Every structure is written in structure tokens, then in C-alpha cells.
Protein chains: 2
Amino acid sequence: MIRNSTTQAVAEIKELLGDRLSTAPAVREQHGKDQTWAPGAPPDAVAFVRSTEEVQRIVSICARHEAPVIAYGTGTSLEGHFTAPFGGISVDLSAMNQVLEVNAEDLDARVQAGVTRKALNVHLRDKGLFFPIDPGADASIGGMAATRASGTNAVRYGTMRENVLNLTAVLANGEVVKTANRAKKSSAGYDLTRLLVGSEGTLGIITEVGVKLYGIPESIAAGVCPFPSIDAACQAVIQTIQLGIPVARIELVDEEHVKAFNAYSKIDLKVAPTLFLEFHGTEAGTAEQSQLFGAIAEEMGGGPFTWETKEEDRQRLWQARHDAFWATKSLMPGKESFATDVCVPISRLAECVNETQADLKASGLYGPIVGHVGDGNFHVVLYCDRADADEVKRIKGLYERLIRRAIAMEGTCTGEHGVGRGKMAFLELEHGTQGVALMRQIKQALDPKNILNPGKIVAL
Amino acid sequence: MIRNSTTQAVAEIKELLGDRLSTAPAVREQHGKDQTWAPGAPPDAVAFVRSTEEVQRIVSICARHEAPVIAYGTGTSLEGHFTAPFGGISVDLSAMNQVLEVNAEDLDARVQAGVTRKALNVHLRDKGLFFPIDPGADASIGGMAATRASGTNAVRYGTMRENVLNLTAVLANGEVVKTANRAKKSSAGYDLTRLLVGSEGTLGIITEVGVKLYGIPESIAAGVCPFPSIDAACQAVIQTIQLGIPVARIELVDEEHVKAFNAYSKIDLKVAPTLFLEFHGTEAGTAEQSQLFGAIAEEMGGGPFTWETKEEDRQRLWQARHDAFWATKSLMPGKESFATDVCVPISRLAECVNETQADLKASGLYGPIVGHVGDGNFHVVLYCDRADADEVKRIKGLYERLIRRAIAMEGTCTGEHGVGRGKMAFLELEHGTQGVALMRQIKQALDPKNILNPGKIVAL
């Protein structure tokens with residue numbers, strides 16, 4: 001792919017934005033490299049936009065010159081989503097940070113794409129509402145929609161797939177589309193919202209997002225429960241879900257993580273596969289949920305299950321889980337970390353985690369595991385010394401086996417991180433030739449010049 | 001659109017299926033006319049298929065001859081979805097009625113497209129599981145996926161959009177695609193599942209469906225509550241949802257319906273706007289939910305709220321609601337009935353229902369209203385004497401005003417019935433020129449010869 005006319009596009013956008021178009025090397029670098037081991041690739045320029053109309057004009061210029069145009073939110077994605085392997089214009093949406101409307105009676109809000117999830121929740125707090133999707137990082141809502149993000153609360157509240165009500169996006173032809181109205185459900189034609197959710201900026205640049213909101217629960221209970229094995233913990237998860245206990249969070253951390261927590265967070269958890277849980281509801285409801293879970297855990301040989309409802313106690317408990325990344329990182333000074341994720345049917349979860357742990361051991365690698373196990377989704381955080389060619393090779397081997405294992409178990413190569421460049425090689429294994437061909441047909445139809453985030457998901 | 005070679009396609013399919021291809025006038029009529037007032041249009045032939053492979057071969061033949069091919073499930077759709085305005089082959093999937101697998105631990109199942117929702121629930125009963133989506137009719141799961149159906153349980157369990165895990169479909173080029181694996185969530189590329197859900201057979205013919213299942217709740221409580229006004233009832237709904245009470249069903253029936261119930265079902269309900277409710281959970285949970293709702297209802301001037309947990313008592317309560325159609329029909333002997341649906345944000349629901357009732361009165365029309373009000377979705381059942389040209393005209397005027405009213409309130413022209421032929425004229429009003437253009441681009445890319453259910457949603 002040759003992009004002869006990107007220079008011309010940059011010049012025209014400079015005229016439009018003035019100082020808000022940057023070609024400074026540091027800015028370009030920052031917008032071309034994420035936390036993954038994918039090699040960075042800086043864009044030719046970064047456009048700091050303030051409105052849908054500006055995005056529209058930029059995309060129109062890029063379309064005319066066939067220059068790549070790449071959406072950028074907070075830069076927290078993990079699969080090389082916003083790198084610019086063919087150069088082009090990075091469109092930084094972080095200044096589009098206005099909450100445009102909150103409809104408390106309808107439990108929905110409309111925000112500009114650059115609003116982060118934490119900023120939205122601060123905005124909502126005095127209305128007694130919250131936006132539950134929590135991928136860990138303080139990502140932008142636009143970026144979360146674009147990558148179909150989820151996280152700890154998804155087992156109860158769903159992912160961005162379920163929680164985006166509508167989107168405003170600029171298409172490759174420079175036209176603006178609003179994908180749906182505010183009705184909670186609709187059967188009026190193709191699901192344009194879901195087509196754009198998870199499309200990673202390759203079908204349109206999301207500039208506004210309508211999201212669902214929820215009332216802050218009257219009572220929240222949080223607890224921790226050790227288990228004799230990964231299998232026992234996973235069986236407890238399966239029974240919890242099957243019984244219909246509306247658990248809000250159910251997170252598995254492996255022994256490696258518990259060791260790291262104990263060292264880093266100065267707490268004293270039993271070194272065992274452990275579930276961190278949270279229950280939302282009325283006071284009576286969360287108490288009942290906790291008791292029901294406690295009984296299940298005991299039956300599986302787990303426990304003791306201790307739970308707290310006071311905010312400070314809950315915060316203390318979850319702090320260790322939130323610090324998971326830093327806790328393990330502190331044990332691996334000087335190494336780079338790469339988090340990957342897969343997702344399998346929960347009946348296969350214990351098997352998949354056990355095999356992966358055995359693989360880590362056999363490969364001589366440190367890769368603590370943490371999982372949103374209510375959905376069958378787990379992460380392996382791989383630590384790597386890039387100068388050590390042998391370690392890099394072993395990690396790459398393990399990474400590929402992990403993905404093949406998950407797909408063989410009727411799972412997916414990514415439950416929540418997305419494809420970006422990192423998982424492209426595995427799409428055909430997961431979706432078959434025909435599935436990928438169908439995705440490619442859609443990309444070709446909607447972006448025939450291949451200007452929107454080229455080289456990602458299904459590269460044309 | 002001229003289809004010169006449909007005759008040739010019919011001949012080739014006859015060779016393939018023998019007796020299972022019918023050109024009998026009665027069979028063609030039945031496969032070309034639904035319960036709507038859209039004029040029927042019979043296909044040239046009806047193919048009774050038994051496997052994905054047969055569908056694949058039929059579509060390949062039709063593609064070669066550019067003959068229309070139209071999926072048919074149980075014939076219960078309501079917007080002319082399966083009429084054949086350009087002739088062609090109706091593919092009747094009702095004999096594809098096998099439940100292929102049930103994964104109890106993962107709470108999912110895979111069924112052939114012709115399995116009906118009731119048949120699936122009979123199959124699941126002894127496993128303690130159920131499939132909650134209930135559009136009223138005993139529709140096929142394939143048809144429900146194709147129309148993005150929902151119904152009374154959607155407020156808690158979601159619609160087909162949320163409950164289809166994956167689909168197997170035959171595309172316009174005769175290739176078979178499986179849209180996803182069994183993982184509960186995935187970020188692996190474009191959401192092919194959601195692209196096909198609601199596409200009404202215009203992008204592919206669904207032959208197998210993976211669906212989510214749920215544990216049958218330990219306790220079910222059902223109740224009825226009259227209100228002084230539509231506004232009061234809707235305010236009670238809004239507060240119920242905002243408080244996070246996980247109501248499983250919350251149905252509004254208007255006074256016209258209550259009158260009809262009392263006459264038809266020999267019960268004695270107070271003639272007032274009334275909510276029918278159902279709560280699912282533990283015994284303590286449903287009791288608490290019922291009490292919380294009762295308190296809300298009282299605050300809104302509603303009540304008394306009476307609720308029952310014994311199955312026979314619940315059945316008796318809901319029977320009246322289930323008989324709604326027959327109850328009102330018995331008051332309008334000799335008239336045809338046409339059910340339509342719209343969906344608005346719940347904050348606008350009372351306004352939309354009130355304005356519609358006033359419009360019905362001013363138009364001199366009988367149109368009882370029933371609504372899945374937790375989602376802001378309601379139906380108007382219009383009764384019409386087709387020989388009365390003036391009444392037909394008044395109904396058409398009311399119908400169009402209803403849809404324009406819903407869209408003006410940021411709602412949708414159809415919450416659950418779908419577009420078919422009936423709502424095509426309103427898609428641009430709802431989605432804008434660009435939204436419809438985008439749908440058309442997708443249709444063009446995936447079905448360039450326009451053989452899949454032509455003349456529906458976005459006619460090329």
C-alpha cells in the first residue's frame with residue numbers, strides 16, 4: 001500500500017486545525033506505540049479534534065488523498081489497535097470529553113467519544129446512577145465501544161455490545177451516521193450499532209456514544225474465597241451462574257497472583273486459587289447471595305468465604321485485585337509485560353487454565369493468570385526480557401498454543417482485548433475462511449479505499 | 001426486477017428434493033400470506049428442507065438463476081416478512097426441528113432453525129433450564145433470530161439480540177458461515193452474529209442457532225395492579241426499573257383490554273390501566289421484589305397489588321393477558337385485526353400512549369393497547385373492516401401518525417415485529433438517509449444479485 005498523498009492531506013488538515021495538528025516526533029511516537037510487544041508505528045501527524053464536524057472534514061480530506069486515518073482515545077488498548085503501519089493521520093478524540101445528556105428516567109446517557117469511564121461515573125454520582133463497564137484502564141467510552149470492551153462487571157451487566165444504545169460515527173466517505181435512537185430495543189433494520197461496536201475504527205470513527213446506565217445498588221457486598229484447586233473454583237462459578245445468583249463480579253486469581261498480592265499489598269491471603277466476588281442488590285438480597293455462594297463454595301471444598309458490605313472494607317479487598325498488574329510486575333523487575341486474553345465456555349475453563357499453567361511451567365515462563373471467570377474469560381500476563389531471544393521464542397510459542405487451545409475448546413482468541421494487529425493471524429482459525437471473507441466483504445463495501453485504520457482486523 | 005429463470009431454478013430444485021418441493025397453489029398461498037394487511041404474494045414453489053446442505057444447494061441454484069429465495073419458519077411474523085412480491089422459492093425450515101446440543105454447564109443450546117420456542121422449552125424442562133424469549137406465538141428460533149424478536153420477558157432477559165450466541169447461515173453465494181463460537185463474549189472481529197440477527201432473511205438464511213439458556217427460577221411470583229391513569233402506571237414502571245428491581249415481566253394493558261378480559265375470561269378486574277407483573281428469583285427474593293413494587297404502586301395511587309406464587313394461581317392471572325388478542329377480537333366480530341408495534345424511551349411512554357389513545361378516539365377507531373412497558377414497547381391492535389374504505393383510510397392515517405410520533409420521541413418504528421414490507425417506508429425517517437444508505441451498502445455487498453428475500457427492509 002503506497003500512500004503518496006498523505007503529505008498533502010497533512011497540509012490540508014493543518015490549515016483546518018492550526019496548532020491542533022501536531023507532527024512533533026514525541027507526539028507521533030506516543031500515538032503509535034501501545035503496551036503490547038507489537039512494534040510501534042507512528043502516524044505522520046496527530047489531529048486533536050473537538051467535534052464530529054472536524055472529524056468529518058478530516059476524513060473527507062483523507063478520503064480524497066487516500067491517506068490512512070486512525071482513531072485514538074486514551075491509548076490503553078492492548079493489541080496494537082492504533083499503531084500506524086502505513087502512516088497517516090491519528091485522530092485524537094480525548095478533547096471531545098463532554099457528557100452531552102443524561103436521561104435519568106430512561107437510564108441512558110449520550111457522551112462524546114473522549115469521555116472516560118471514570119469521568120462519566122464522576123458525572124453520574126450525584127444522580128444515583130453508574131456506568132458499569134470496567135476494563136481496568138480509565139479508557140474512553142468511544143475506545144471501549146470500538147474494541148467491544150468489558151471487564152469485571154460483564155458477568156452481570158454485559159459488555160459494550162449490550163450497553164451501547166447508539167453511536168454517532170463518521171464513515172469512510174465522510175458522511176455522519178447515527179446508528180439508532182434511544183429506544184431500549186428495536187427491530188428496525190440491520191444492527192448498525194453492533195456492526196460498529198468492536199470494529200476498532202476500521203468501519204467508522206465513533207464520535208458520540210449513547211450508553212445504558214444503572215441505578216447504584218442499595219447494597220454492595222464483596223468477598224474473597226480460596227479453593228483447593230482451579231477445578232473447584234471453576235465448579236463453584238458454574239454452580240453460582242446456574243443457580244441464577246446475579247453475581248456482579250466473580251474473578252479468579254491464581255496462586256502466583258496471591259503470592260504477589262501478599263508481597264505487594266501487605267495482606268495475608270491463603271496461597272490458593274482464589275475467587276474475588278461482588279454482589280449488588282438490596283441489603284437482604286446481597287446477604288442472601290453471599291450466603292448462597294458461601295454454601296456452594298463449602299460444597300466444593302473452598303472457603304472460608306468472608307464478605308464485607310462497608311465501602312472501606314470492600315475497597316481494601318478489591319485493592320489487591322486492582323493492583324494485580326503492579327503486584328506481579330514488582331516481582332519481575334526490568335521485564336516487559338504483555339497481557340493477552342482468551343475466552344472459553346465456562347465448562348472448559350478449568351481445563352484451559354490448568355493446561356495453560358502446565359504449559360507455562362514446561363516452558364519455564366512466569367505468567368500469572370487472572371480471569372473474569374463468570375464469562376469464561378481469562379488473562380495471562382506474560383513477562384519477557386526482549387533481549388533474551390530464547391525467552392521471546394518460548395513466549396511466542398506459549399501465546400500461540402494458548403490461543404489455539406481456547407479456539408479448540410469452542411472459545412475465542414480474544415474475549416475483550418480485540419484483534420488489532422495482535423490477533424489477526426488467528427481470525428481464520430476461529431471464524432473459518434468464510435467468516436473472515438464475510439468480514440472482508442463488509443470492510444470493502446464500507447471503506448473501499450481502505451483508509452480507516454488500515455492493516456487491522458481484516459487487512460484488505 | 002425480472003426473474004426469467006425462476007422456472008429453471010424450480011426444475012432443478014425439484015430434481016434435488018422430489019416430493020419435498022411443492023408448487024401446489026394452496027401451499028404457495030399459505031407461504032405467501034401472513035396476518036398483516038400487506039397483500040399476500042405467493043412464491044413459485046415451496047422447498048421443505050431437512051439440512052443446511054440442502055439449503056446451501058438451493059441457494060446455489062437460485063444464485064445461478066438469480067431467483068429469489070425466501071426463508072420461512074412458522075409463518076407467524078407480522079410485517080409481510082415472507083411474502084414473495086417477486087416470486088421465487090420459499091424455503092420452509094419447519095422440518096429442521098432438532099435440538100442439536102444442550103450444554104447445561106454453559107447454559108447454552110444449539111438448535112436447528114425450525115425448532116419452536118415451546119418445543120425447545122419442553123426439551124429443556126427436565127434439565128431445570130429454560131429459554132426465556134417469548135414473542136407470544138410459538139415461533140421458530142430461526143425466525144425469531146431473523147426478526148430480532150422479543151416479548152414479555154425481554155425487560156429482564158433481553159431480546160434475541162442478547163440471547164443468540166452464534167448462528168449458522170447460508171449466504172447469497174451458497175457458502176455456509178458460522179458466526180461465532182460458544183464463548184459468552186468475544187472481541188474477535190466484526191459482530192457477524194448481530195449483523196444476521198434482525199436481517200429478516202435478506203443477508204443469509206439461518207439454519208442453526210446457538211442460544212443462551214437460564215436456570216428455571218426457584219420461585220416465580222405474578223401479580224396484577226390497577227392504576228388511576230396511564231401516567232401513574234408508567235411512573236411506577238420507571239421507578240421499578242430505576243430501583244433495579246429485576247422484574248421479569250411488566251406488561252401494561254389499557255382499559256379497553258381490561259373490559260375485554262372481563263367479558264372474555266370471566267374474571268373481574270377493575271376497569272383501569274393495569275400492570276401485569278412477574279418476578280423471578282429465590283423465595284425471599286420474589287417476596288421482596290413484590291413488596292417493593294407494591295410500595296411503589298401505592299405511592300403512585302395504584303393498587304391494590306395482589307400477587308401469587310403457586311403455579312395454578314399465576315397461570316390463571318396470566319391467562320387473561322395471554323388471551324388479550326382473542327378477548328378483543330371477540331368484541332369485533334367480522335373485523336380483521338392488525339397488530340403493530342413501536343418502542344420509545346420509557347420517559348416518553350405515557351405521553352406516547354396517551355396521545356395515541358386520543359388519536360384513536362378522534363379517529364373513531366377501536367385499538368386496544370398492550371405494552372412490554374419495561375422496555376417502552378407497546379402494541380396497538382387495530383380492527384378493520386376492509387370493505388369500509390373510510391375506516392381503512394382512518395386506520396392508515398392513525399398508523400402513520402403513531403410511527404411518526406414514536407420516532408419523534410426518539411423511539412423506533414418497530415420494537416420487535418421487524419420491518420418486512422410494512423415498515424420500509426419509515427426507515428429513512430428513523431435512520432436518516434445515511435443510515436439507510438449504509439444498510440443498502442451492506443445488502444449490496446453481501447447479496448449483489450439481490451436474491452435473498454428481495455423487496456424487504458432496504459429493497460435494492
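All values derive from a computational prediction rather than experimental measurement.

Engineer: Any chance you could explain the domain arrangement of chain A here in plain terms?
Structural biologist: When the parts of a complex come together, some accessible area is lost, and that lost area is often used as the size of the interface. Residue and element names in this part refer to chain A. Taken domain by domain, chain A holds domain 1 (6-94), domain 2 (99-215), domain 3 (219-325) and domain 4 (333-408). A C-alpha centroid distance of 32 Å is found between domain 1 and domain 4. Summed over both sides, the interface of domain 1 with domain 4 buries roughly 570 Å², with 61% coming from carbon and sulfur. Considering only the surface of domain 1 that becomes buried against domain 4, W37, L78 and E79 emerge as the three largest contributors, covering 86% of it. In this structure, the connection of domain 1 to domain 4 is made through 0 salt bridges. Among the residues making up the side of domain 1 that touches domain 4, the classes are represented as 1 nonpolar, 2 polar and 2 charged.

Engineer: Is there a simple way to think about the relation of the copies chain B and chain A in this case?
Structural biologist: Taken together, a rotation about one axis and a shift along it account for how the two chain copies relate. Note on the identical chains: chain B maps onto chain A by a rotation of 180° and an axial translation of 0.0 Å, with an RMSD of 0.0 Å. Taken together, these values place the two copies in the relation of a two-fold axis.

Engineer: How do you make sense of the interface of chain B and chain A when you look at a structure like this?
Structural biologist: In this complex, chain B contributes 83 residues to the contact, which on the side of chain A involves 83 residues. At the boundary of chain B with chain A, total buried surface from both sides reaches about 6800 Å², with 54% on carbon and sulfur atoms. Looking at the side of chain B facing chain A, the largest losses of area belong to B:K185, B:S187 and B:Y190, adding up to 14% of the total buried there. For A:E410, the salt bridge is made with B:R182, and the minimal N-O distance between the two is 3.1 Å. In this structure, the connection of chain B to chain A is made through 38 residue pairs in polar contact (both at pLDDT 80 or more). The biggest single contributor to the side of chain B that touches chain A is helix α16 (residues 427-446) of chain B, with 12 residues.

Engineer: What is the right way to look at the sheet that holds strand β5 (residues 99-103) of chain B in this model?
Structural biologist: Paired through their backbone hydrogen bonds, the strands of a sheet run either parallel or antiparallel. Residues and elements named next belong to chain B. Strand order in the open sheet formed by 5 strands is β5-β6-β10-β8-β9, and the pairing between neighbours is antiparallel. Lying at the two open borders of the sheet, with one neighbouring strand each, are β5 and β9 (176-178). Geometrically, the sheet is characterised by an average inter-axis angle of 10° between neighbouring strands, direction not taken into account. Across 6 bridges, the pairing between strand β8 (residues 164-170) and strand β10 (residues 205-212) is antiparallel. Within β10, the residue paired with A169 across the bridge is I206.

Engineer: Which parts of the structure should I look at to understand the sheet that holds strand β9 (residues 176-178) of chain A?
Structural biologist: Residue and element names in this part refer to chain A. In space, the 5 strands of this open sheet follow the order β5-β6-β10-β8-β9, with antiparallel pairing throughout. Of all the strands in the sheet, the pair left with one neighbour each is β5 (99-103) and β9. Neighbour to neighbour, the strand axes of the sheet diverge by 10° on average, direction disregarded. Examined bridge by bridge, strand β6 (residues 108-112) and strand β10 (residues 205-212) share 5 bridges and lie antiparallel to one another. Residue pairing in the sheet places A109 in a bridge with V211 of β10. Those strands touched by helix α4 (residues 117-124) are β5, β6 and β10, and its axis lies near 50° from that of β5.

Conventions and cut-offs
Residues numbered from 1 in each chain as written. Chains lettered and ligands numbered in written order. Predicted model: local features only at pLDDT ≥ 70, side-chain atom pairs only at ≥ 80, totals over all residues. Heavy atoms only, no water. Domains from an automatic or database assignment. Buried area = accessible area lost by both parts, 1.4 Å probe. Salt bridge = Lys/Arg side-chain N within 4 Å of Asp/Glu carboxyl O. Nonpolar A, V, L, I, M, F, W, Y, C, P; charged D, E, K, R; others polar. Least-squares fit on C-alpha atoms with pLDDT ≥ 70 in both. Contact = heavy atoms within 4.5 Å. Polar contact = N/O pair within 3.5 Å; in protein donor to acceptor, adjacent residues only side chain to side chain. Helix = DSSP H or I, 4+ residues; strand = E, 2+ residues; numbered from the N terminus. Pairing = 2+ DSSP bridges. Axes fitted to C-alpha atoms, helices over the stretch in contact; angles between N-to-C directions.

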